Amino acid sequence: MNSTIISVYCSISTINEFIWGVPVLVLMLAGGLYLSFRLRFAQLHIFRLFREIIKMLKAPRKSSQHGISQLQSFSTALAATVGTGSVTGVACALCTGGKGCILWMWVSALIGMALSYCENYLAVRHSNHSSNDKNASGAYSYLRTVGKVPAVCYALFCVLASLGMGNMAQSSSAVSVASSGFGLPYSFCALAVVCFCALAVSDTSRCARICEKVVPFAALLFILTSLALLLLSPLKTLNALADIFKDAFSVKACAGGTLGWFFTKVCVNGLRRGAFSHEAGLGSTCAVHSSCDITDPEKQGKLAMSEVFIDTMVICTVTALVILISGADFSGSDYSLTVSNAYSVFLGSAGKLFVSLCLTLFSLCTLTGWFFIGEKSFCCLFPKKSIIYKLLYLLCAYLGSQFPMQTVWEISDIFNALMALPNIICVLLLSKQVSAPKFRRLRGG
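Here we look at the overall build of the protein
Okay, so step 1: A count of helical and extended segments in the protein gives 19 helices and zero strands.
Okay, so step 2: Per-residue burial over the protein gives 58% buried out of 445 residues.
Okay, so step 3: Across the protein, every contact between residues at least 6 apart in sequence was considered, and the portion connecting residues at least 24 apart equals 83%.
Okay, so step 4: Working note: accessible area of the protein is about 18,500 Å², and carbon and sulfur atoms make up 67% of it.

Considerations on the pattern of salt bridges
Side chains that differ in sign of charge can pair as their charged atoms come close.
Okay, so step 1: Under the defined criterion, the tally for this structure stands at two salt bridges.
Okay, so step 2: Close ionic contact of Lys-246 with Asp-243 constitutes a salt bridge, the shortest N to O distance being 3.7 Å. Of the two residues, Lys-246 and Asp-243 are both situated in helix H11 (residues 234-248); the distance of three residues between them amounts to about one turn of the helix.
Okay, so step 3: Since its relative accessible area comes to 21%, Asp-243 is described here as partly exposed.

What to know about unusual backbone geometry
Okay, so step 1: For Arg-40, which is not glycine, the phi dihedral falls at a positive 55°.
Okay, so step 2: Positive phi outside glycine occurs at Phe-41, with the angle close to 50°.
Okay, so step 3: Inspection of the secondary structure puts Phe-41 in the loop between helix H2 (23-38) and helix H3 (46-58).
Okay, so step 4: With a relative accessible area of 27%, Phe-41 lands in the partly exposed category.

Some remarks on the packing of aromatic side chains
Here a ring pair, both rings aromatic, is described through the centre-centre distance and the interplanar angle of the planes.
Okay, so step 1: Taken as a whole and judged by the stated rule, the model has 12 aromatic pairs.
Okay, so step 2: Measuring from centroid to centroid gives 5.9 Å for Phe-222 and Phe-362, while their planes differ by 70°, and the two rings are edge-to-face. Note that Phe-222 is positioned in helix H10 (residues 204-232) and Phe-362 in helix H17 (residues 349-381), a separation of 140 residues in sequence.
Okay, so step 3: Under the relative-accessibility criterion, Phe-222 is labelled buried at 1%.
Okay, so step 4: Pairing Tyr-343 with Phe-354 gives two aromatic rings, centres 5.5 Å apart and planes at 40°, and the pair type is tilted. Of the two residues, Tyr-343 sits in helix H16 (residues 335-347) while Phe-354 sits in helix H17, which places them 11 residues apart along the sequence.
Okay, so step 5: By relative accessible area, which is 0% here, Tyr-343 ends up buried.
Okay, so step 6: The class for Phe-354 is buried, based on a relative accessible area of 10%.
Okay, so step 7: Among the aromatic residues, those joined into a ring-pair cluster are Phe-371, Phe-378, Phe-382, Tyr-389 and Tyr-393.

A look at the packing of helix H6 (residues 101-126) against helix H7 (residues 139-146)
Okay, so step 1: Here H6 crosses H7 at 80°, and the two axes come no closer than 7 Å. Judged by the angle between their axes, H6 and H7 are roughly perpendicular. In this structure, H6 uses Glu-119, Leu-122, Ala-123 and His-126 to contact H7, whose residues at the interface are Ala-139, Ser-141, Tyr-142, Arg-144 and Thr-145.

Some words on helix H4 (residues 70-81)
Because the α-helix completes a turn every 3.6 residues, residues three or four places apart line up on one side.
Okay, so step 1: With 12 residues, H4 should cover 16 Å at 1.5 Å per step; its first-to-last C-alpha distance of 17 Å lies within 8% of that length.
Okay, so step 2: Most of H4 sits out of view: 11 of its 12 residues are buried.
Okay, so step 3: Within the sequence span of H4, burial applies to Gln-70, Gln-72, Ser-73, Phe-74, Ser-75, Thr-76, Ala-77, Leu-78, Ala-79, Ala-80 and Thr-81.

Observations regarding the packing of H16 against H17
Okay, so step 1: Direction vectors running N to C along H16 and H17 enclose 135°, while the axes themselves pass 7 Å from each other. Viewed along their axes, H16 and H17 adopt a mutual orientation that is oblique. Viewed along their axes, H16 and H17 form a crossing whose handedness is right-handed. On the side of H16, the interface is formed by Ser-336, Val-339, Ser-340, Tyr-343, Ser-344 and Leu-347, while H17 contributes Ser-349, Ala-350, Gly-351, Lys-352, Phe-354, Val-355 and Leu-359.
Okay, so step 2: For the contact of H16 with H17, the class distribution of residues is seven nonpolar, five polar and one charged.

Observations concerning the side chain of Ser-173
Okay, so step 1: Inspection of the secondary structure assignment puts Ser-173 in helix H8 (residues 148-182).
Okay, so step 2: Ignoring anything within four residues of it in the chain, the contact list for Ser-173 reads Thr-84 and Ser-363.

A word on a nonpolar patch on the surface
Okay, so step 1: A cluster of nonpolar residues, Ile-387, Ile-388, Leu-391, Leu-392, Leu-395 and Tyr-398, forms a patch on the protein surface that exposes about 560 Å² of accessible area.
Okay, so step 2: Locating Ile-388 in the fold gives a position in helix H18 (residues 386-402).

Details of the confidence of the model for the protein
Okay, so step 1: Chain-level statistics for the protein give a pLDDT mean of 77 and a share of 78% at 70 or above.
Okay, so step 2: The low-confidence segment residues 251-266 (pLDDT under 50) makes 22 contacts with residues lying over four places distant or belonging to another chain.

As for H8
Okay, so step 1: Look at H8: 48 Å from first C-alpha to last across 35 residues, which is about the 51 Å you get at 1.5 Å a residue.
Okay, so step 2: Of all the bends in H8, the greatest measures close to 35° and is centred on Ala-161.
Okay, so step 3: The element H8 is extensively covered by neighbouring structure, given that 25 of its 35 residues are classed as buried.

With respect to the environment of Met-419
Okay, so step 1: Summarising the element assignment, Met-419 is placed in helix H19 (residues 406-429).
Okay, so step 2: Not counting chain neighbours up to four residues away, the residues in contact with Met-419 comprise Tyr-154, Phe-157, Cys-158, Ala-161, Leu-282, Ser-284 and Trp-370.

As for the environment of Phe-222
Okay, so step 1: Taking the C-alpha atoms as reference points, Phe-222 and Leu-359, separated by 137 residues in sequence, lie 9.5 Å from one another.
Okay, so step 2: Apart from the residues within four sequence positions on either side, Phe-222 is in contact with Val-87, Ile-315, Val-318, Thr-319, Tyr-343, Phe-354, Cys-358 and Phe-362.

As for the environment of Ala-242
Okay, so step 1: Relative to the elements of secondary structure, Ala-242 occurs in helix H11.
Okay, so step 2: Spatially, the C-alpha atom of Ala-242 lies 9.9 Å from that of Lys-99, the residues being 143 residues apart in sequence.

Rules used throughout
- Per chain, residue numbering runs from 1 following the sequence as it is written.
- A pLDDT threshold of at least 70 governs which residues receive local features in this predicted model, and a stricter bar of 80 or more applies before side-chain atom pairs are shown or counted, although totals over entire chains, interfaces and linings include all residues.
- Excluded from the side-chain calculations are hydrogens and water; all other atoms, namely the structure's heavy atoms, are used.
- Per the convention used, a helix needs a DSSP run of H or I reaching at least four residues, while a strand needs a run of E reaching at least two, with both numbered from the N terminus.
- Three labels apply to residues, based on accessible area from a 1.4 Å probe with only protein chains included: buried if under 20% of the type maximum, exposed if over 50%, partly exposed otherwise in between.
- A contact between two residues is defined here by any heavy atoms of the two lying within 4.5 Å.
- Each accessible area is a Shrake-Rupley estimate made with a 1.4 Å probe; only the visible protein chains count as cover when residues are assessed.
- The working definition used for a salt bridge is a side-chain nitrogen of Lys or Arg within 4 Å of a carboxyl oxygen of Asp or Glu.
- Each aromatic pair joins two rings of Phe, Tyr and Trp (for Trp, the six-membered one) with centres within 6.5 Å, and gets the label stacked for planes under 30 degrees apart, edge-to-face for over 60, and tilted for any other angle.
- To get an axis, fit a line to the C-alpha atoms, keeping to the stretch in contact for a helix; angles then go from 0 to 180 degrees between the N-to-C directions.
- Oblique is the label for every angle not falling under 35 degrees (roughly parallel), over 145 degrees (roughly antiparallel), or within 65 to 115 degrees (roughly perpendicular).
- Under the convention used throughout, the expected extent of a helix is 1.5 Å for every residue step, that is, one less than its residue count.
- For a crossing to be left-handed, the near helix must be turned anticlockwise from the far one by less than a right angle; the clockwise case is right-handed.
- Charged residues are taken to be Asp, Glu, Lys and Arg, nonpolar residues to be Ala, Val, Leu, Ile, Met, Phe, Trp, Tyr, Cys and Pro, and polar residues to be all remaining types, Gly included.
- Each patch groups residues whose relative accessible area exceeds 30% and which form no salt bridge, using 9 Å between like charges and 5 Å between nonpolar side chains of Val, Leu, Ile, Met, Phe, Trp and Tyr.
- Note: pLDDT gives the predictor's confidence per residue, expressed from 0 to 100.
- Bend at a residue means the angle formed by two fitted axes: the first through the 7 residues ending at that position, the second through the 7 residues beginning there.

Given below as structure tokens:
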């Protein structure tokens, strides 16, 4: 029996490695570069972008508007993007590909910002705000203009990914991290997570309200604490940054027979981890931005770009730097323990509590954000049947809290790739409909 399970897992892992190794990553790189040229590399205007983002988020909401607010859409999309993979995934990248992986995660994020802008621009433009089909939303709304088959396949894979990676894997992570980090009974943590999911799924709009309150707090807590630790050791931080660039283009890695190792271990793993973290190209956050009461495609595209930047260029980067300057061993298989050990070097016993708190909050936020996304996709396939999806979501949350989820991670990774393939192809086909973002010169605050 055990040999059968191992054989199945190895087969799933092999399929996963093949899909993410060549087809999806090449499509993401080539497609992202093409879209970057079309957008005149708008992602490089990051500081002007964030000035506009802050102004948009601070703008008061009009009572006559419907849907979720600008801040709620931003927080919910960020919740789905910033999960435990944004923290523990960095330790995984360092383990599998070394320090140079981090540079390729940055490359993935910069390219992904163009992908994220275009897919969200198209989603808002083709969403139910301008369509007779009230159930059309997210990436499904523009995929169906290319063909019904890719749209239905995408929605199906999105639902499966939401139940797997967005639910079971996150609930498993939340329960195990909270139980080991806070010393609470495993059964109590499992019950708490299931109750949290029941509260979230009882009302879709409640998901956005939960994310609006929790996501900014969790993200700022993690980022500011990490930055404070890095500022305590400025020389080590600069040396770590130098090591990232040196290892990414090291002579040893690029020389002769090691070129293949360099590409598979450093470049591919870095790009893959980056794509898995920020989810640009998957079209997942389109369901959130197309539900916002602000129906300007350019504004929603800019918000989507900023989410990719925050996830990978900020959260993943500070995590990697703290691990590197701490001197913690990142070759183990328990990546959450690696992160905890790194922060414990600076914070002592409080390091484990800090990491456990942040990872638990990130997991719960991801659970909430992916419910919003999954329900929208489910309703595209089965209108007015959302109660079925809610029951499935609660069941998966319970199952995820009871069993180890390594196989679920692998299968969900495949679903993510299957979401990306039709999505990126359709975005490229429809890219002429996308207008490059304009950045206004803002004066004052």
